[in-house]
Amino acid sequence: MNYDYEQTEFSKSVLSGLFAGIFATFANLIFNFAYRAITEYNPSALINVSSIIIISVLVVTISGVLFYFFNHYIKGGSIIFRIVFIALTGIAVYYSLHAPHSGDAVVVKQFDELLAGTVLILGAFIVFYVPYLFTHEHVYS
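Residues numbered from 1 in each chain as written. Predicted model: local features only at pLDDT ≥ 70, side-chain atom pairs only at ≥ 80, totals over all residues. Heavy atoms only, no water.

**Student:** In this structure, what is going on with the overall build of the chain? I would like to understand it.
**Tutor:** Counting secondary structure elements, the chain contains four helices and zero strands. Listing the helices and strands of the chain from first to last along the sequence gives α-α-α-α. Looking at the chain residue by residue over its 141 residues, the buried ones come to 38%. Of all intrachain contacts in the chain linking residues separated by at least 6 positions in sequence, the fraction that spans at least 24 positions is 73%. If you sum the accessible surface of the chain, you get close to 8,500 Å²; carbon and sulfur atoms cover 71% of it. (Helix = DSSP H or I, 4+ residues; strand = E, 2+ residues; numbered from the N terminus. Buried < 20%, exposed > 50% of the residue type's maximum accessible area, 1.4 Å probe, protein only. Contact = heavy atoms within 4.5 Å. Areas by Shrake-Rupley, 256 points an atom, 1.4 Å probe, with all protein chains shown as cover.)

**Student:** Is there a simple way to think about the confidence of the model for the chain in this case?
**Tutor:** Low-confidence regions, as indicated by low pLDDT, have predicted coordinates that should not be scrutinised in detail. Across the chain, the average pLDDT comes to 90, with 94% of residues at 70 or higher. Per-element averaging of pLDDT across the chain places helix α4 (residues 105-135) at the bottom with 92 and helix α3 (residues 77-97) at the top with 95. (pLDDT = per-residue confidence, 0-100.)

**Student:** Would you explain the packing of aromatic side chains in this entry?
**Tutor:** Working definition: an aromatic ring pair is given by the centre-to-centre distance plus the angle between the planes. Overall, the coordinates contain 11 aromatic pairs when judged by the stated rule. With a centroid separation of 6.0 Å and 15 degrees between ring planes, the pair formed by phenylalanine 69 and tyrosine 73 is classed as stacked. Here phenylalanine 69 pairs with tyrosine 73, and both are found in helix α2 (residues 49-73), just four residues apart, close to one helical turn. Pairing tyrosine 94 with tyrosine 95 gives two aromatic rings, centres 5.3 Å apart and planes at 75 degrees, and the pair type is edge-to-face. Through a chain of ring-to-ring contacts, the aromatic side chains of Phe67, Phe70, Phe81, Phe85 and Phe134 assemble into a single cluster. (Phe/Tyr/Trp six-rings, centres within 6.5 Å; stacked < 30°, edge-to-face > 60°.)

**Student:** Can you help me understand the environment of phenylalanine 134 in this one?
**Tutor:** By the secondary structure assignment, phenylalanine 134 is in helix α4. By relative accessible area, phenylalanine 134 is classed as buried at 9%. Sequence separation of phenylalanine 134 and leucine 115 is 19 residues, and the distance between their C-alpha atoms is 28 Å.

**Student:** Explain unusual backbone geometry to me, please; I cannot follow it from the model alone.
**Tutor:** The phi angle of most residues is negative, glycine excepted, and most peptide bonds adopt the trans form. One non-glycine residue, glutamate 40, lies in positive phi territory at about 60 degrees. Note on placement: glutamate 40 falls in the loop between α1 (9-39) and α2. Taking the relative accessible area as the measure of exposure, glutamate 40 reaches 64% and is therefore exposed.

**Student:** Quick question: what am I supposed to make of the pattern of salt bridges here?
**Tutor:** Oppositely charged side chains can pair when the atoms bearing their charge come close. Using the criterion set out here, one finds one salt bridge in the structure. The shortest N-O distance in the salt bridge between glutamate 113 and lysine 109 comes to 2.6 Å. Pair noted here: glutamate 113 and lysine 109 are both in helix α4, with a separation of four residues, about one helical turn. The exposure class of glutamate 113 is partly exposed, given its relative accessible area of 29%. (Salt bridge = Lys/Arg side-chain N within 4 Å of Asp/Glu carboxyl O.)

Here is the structure:
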């Protein structure tokens, strides 16, 4: 059976966010495993495999929905979306590098770096891949 139909802007935005979220999840998992192997950082109460999977997919999918609103209701919305999320990523990375902790200074520094790297990867996938996948729907259709 052939189900040819035109996707709406909203469905393309959600699918773009979902697929970018899946790719961001793999990138974050690779970064997580590599960072932990290099630095021998072991605590995983907050940043672990399940939290990376859930948060990566959820945050980037929500950004796909936000991309729809930017793109549909604002002239030049794609550019404004990228500017806003570059700024939000920068702010989030700054605050993740200065997350309040108590305890061993080395462990605190390693946690801050792991969190900042994860946030930076999420921001990069939101800024670059959500708009890209929106305009290149043949990737997921």
